[in-house]
Amino acid sequence: MKTLMIKVDSWNPELEKIQKAAEIIQAGGLVAFPTETVYGLGADALNGDAVMRLFEAKKRPLDNPPIVHVADVSEVYPLVTEVSRKAKLLMEQLWPGPLTLVFKRSNNVPKATVAGLDTIAIRMPNHKVAQELIKKSHRPIAAPSANLSGKPSPTTAKHVYEDLNGRIDAIIDGGAANIGVESTVVDLSSDPPVLLRPGGTPFEVLKKLVADLQLHPFVQAEEDVPLEKIRSPGMKHKHYAPKAQVILVEGSVQAVVSKVKQLAESYTLQGRRVGILATDETKSAYKGNVVRSLGSRFNLSTIARNLFCMLREVDAEGVDVIVAEGVPSEGLGLAVMNRLRKASGYHIIKTA
Ligand code: TXA
Ligand code: MG
């Protein structure tokens, strides 16, 4: 299959180009598009066959449903059985934005779209291109992140191309994603509501609106969670893994720097090529290795924006091991640490 590249102005998308992409969606095809979090791979959410093609293109396990994207709150109602007071509040205050809400689903939704679950995950992206694509398609769009399953999520059209060229119909290139980590997933089908995946909307922001919101233990897990505790299918699958082995070092900045240096030296002695994911404040400590800075430790939004891109970049250098510094778990840092822990397969070293 030839993958069409459609370059658009992300602030003022050319409507005839979006129209062309919408026609592909309407015909049951697959179109990757930018959102404010990461690139999504879109299909008609109401067409079960189209959604099955999504799973195939991404090589995604069939039990892990995609998020359904809408352009207006009114589009939620036909897809769900009930919209609670808390759901209304979150939609009013935080949509469009990097927040996905899980509802009990209605019977209008094809089984493929929800992977057979009785719930559905929905979000309204805060991105002109995504919104126009949904509107012009005249239907909700099912869209998992547009990467091969298990790889870091794509924050540019180039990342999508690397993973999916020849496997999908088109890629809309609208520049780099601004937030860089995926949306926060909150399950409202249960009471009290539970945050299942940390992401672009910080827990602290949600907690101010929904005081009884719980953090699922998996969010900050430091090891694989037992299968019976799983609430979100995505929890049990391998994630964000570059080709190289990832090791995460957590602790105070000074202790982290000396541990990272020590690890880099000993791997180098073993003849293994080392990549280091550092921060602006610490990168000069690691001369002689492949080093990338995620940004300043005092700006966790920048770190989130750069995370997946830097994981791919260091990996592309052909290193054998990537040693990553931990960052504080507050604000967007919670999502960053969750992704790094998963990327490391829970190979975490704690220092004082
Ligand atoms: O920012 C994002 O959320 C991006 C952009 C494209 O919108 N999308 C994204 O989709 O990250 P994906 O498919 O890579 O991740 C969806 C997550 C998975 O962890 C999945 O298990 C969870 O949402 N999910 C989907 N439906 C669910 C449901 N009914 N109940 C619980 N979790 C669900
Ligand atoms: Mg994903």
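Residues numbered from 1 in each chain as written. Chains lettered and ligands numbered in written order. Predicted model: local features only at pLDDT ≥ 70, side-chain atom pairs only at ≥ 80, totals over all residues. Heavy atoms only, no water.

## Looking at the packing of helix H1 (residues 15-26) against helix H4 (residues 128-137)
Defined as follows: Throughout, an axis means a line fitted to C-alpha atoms (over the contacting stretch in the case of helices), and angles, computed between N-to-C directions, take values from 0 to 180 degrees. Starting at the N terminus, helices and strands are each numbered in turn, a helix being any DSSP run of H or I of at least four residues and a strand any DSSP run of E of at least two. Oblique is the label for any angle not under 35 degrees, not over 145, and not in the 65 to 115 range, which are roughly parallel, roughly antiparallel and roughly perpendicular in turn. Take the far helix as the reference: if the near one is turned anticlockwise from it by less than a right angle, the crossing is left-handed, and if turned clockwise, right-handed. Throughout, a contact is declared for two residues whenever any of their heavy atoms are within 4.5 Å. In this classification, the charged set is Asp, Glu, Lys and Arg, the nonpolar set is Ala, Val, Leu, Ile, Met, Phe, Trp, Tyr, Cys and Pro, and all remaining amino acids, among them Gly, are polar.
It is at 8 Å that the axes of H1 and H4 come closest, and there the two elements cross at 55 degrees. Taken together, H1 and H4 sit at an angle that is classed as oblique. Of the two elements, H1 crosses H4, and the hand of that crossing is right-handed. Residues Leu15, Ile18, Gln19, Ala21, Ala22, Ile25 and Gln26 of H1 pack against Val129, Glu132, Leu133, Lys136 and Ser137 of H4. Partitioned by chemical class, the residues of the contact of H1 with H4 number seven nonpolar, three polar and two charged.

## A closer look at the site of ligand 1
We apply this condition: Throughout, near means a residue has at least one heavy atom within 4 Å of the molecule or strand. Side-chain atoms alone can form a polar contact between residues adjacent in sequence; in general such a contact is a pair of N or O atoms within 3.5 Å, and within protein one must be able to donate a hydrogen while the other accepts it. For the accessible areas, the method is Shrake-Rupley and the probe is 1.4 Å, while residue cover comes only from the protein chains on display.
Taken together, 26 residues surround ligand 1, and among them Thr37, Asn64, His69, Ser183 and Gly234 come closest. Between ligand 1 and Asn64 there is a distance of 2.6 Å, counted from an oxygen atom to a side-chain nitrogen or oxygen. Here an oxygen atom of ligand 1 sits 2.9 Å away from a polar atom, N or O, in the side chain of Arg197. For ligand 1, the accessible surface in isolation is 680 Å², of which the surrounding protein chains cover 96%. Contributions of two or more residues to the shell around ligand 1 are made by strand S6 (119-123) and strand S10 (194-197). If you tally residues by element for the shell around ligand 1, the top one is S6, at four residues. Its residues assigned to classes, the shell around ligand 1 comprises 13 nonpolar, nine polar and four charged.

## Let's talk about the sheet that holds strand S13 (residues 274-278)
The condition that has to hold: A pair of strands is treated as paired once DSSP finds two or more bridges between them.
The five strands are arranged S14-S13-S15-S12-S16 in an open sheet whose pairing can be described as parallel. One side of each edge strand has no neighbouring strand; the edge strands of this open sheet are strand S14 (290-293) and strand S16 (348-350). Strand-to-strand, the axes of this sheet are offset by a mean angle of 20 degrees, without reference to chain direction. Of the strand pairs in this sheet, strand S12 (residues 245-250) and S16 are connected by three bridges, and their pairing is parallel. Residue pairing in the sheet places Leu248 in a bridge with Ile348 of S16. Against the sheet, helix H7 (residues 253-269) contacts S12, S13, strand S15 (321-325) and S16, and its axis sits at roughly 150 degrees relative to S12. With respect to the sheet, helix H9 (residues 333-343) is in contact with S12, S13, S15 and S16, its orientation differing from that of S12 by roughly 135 degrees.

## A look at the sheet that holds S6
Spatially, 11 strands are ordered S1-S8-S2-S3-S7-S4-S6-S5-S9-S10-S11 in an open sheet, and the strand pairing comes out mixed. Each end of this open sheet is capped by a strand with a single partner; those strands are strand S1 (4-7) and strand S11 (214-215). Bridging between strand S3 (residues 40-44) and strand S7 (residues 141-142) involves two bridges; their strand directions are antiparallel. Within S7, the position partnered with Ala43 by the bridge is Ala142.

## Details of the pairing of S13
Basically, it comes down to this: Any residue under 20% of the maximum accessible area for its type is buried, any over 50% is exposed, and the rest in between are partly exposed; the area is computed with a 1.4 Å probe on protein chains only.
In terms of residue burial, S13 counts as a mostly covered element, since five of its five residues are buried. Burial of the side chains of S13 extends over both faces: Val274, Ile276 and Ala278 are buried on one face and Gly275 and Leu277 on the other. Here S13 runs beside S15; their pairing, made up of four bridges, is parallel. Looking at the pairing, Val274 lines up with Val321 of S15. Relative to S14, S13 is paired through four bridges, and the arrangement is parallel. Counterpart to Ile276 in the pairing with S14 is Val291.

## Overview of helix H2 (residues 48-58)
Using the following cut-off: This arc describes the spread of directions from the helix axis toward the C-beta atoms.
Listing the buried residues of H2 in full gives Ala50, Val51, Leu54, Phe55, Ala57 and Lys58. Mapping the buried residues of H2 onto a view down its axis gives an arc of 170 degrees, with all of them on the same face. Residues of H2 that are exposed and point over 90 degrees away from its buried face: Asp49 and Glu56. Among the structural elements, S3, S7 and helix H5 (157-164) are those in contact with the buried residues of H2. N-cap assignment for H2: the residue whose side-chain oxygen lies 3.0 Å from the backbone N of Asp49 is Asn47. Backbone geometry just after H2 places Lys59 at a positive phi near 55 degrees.

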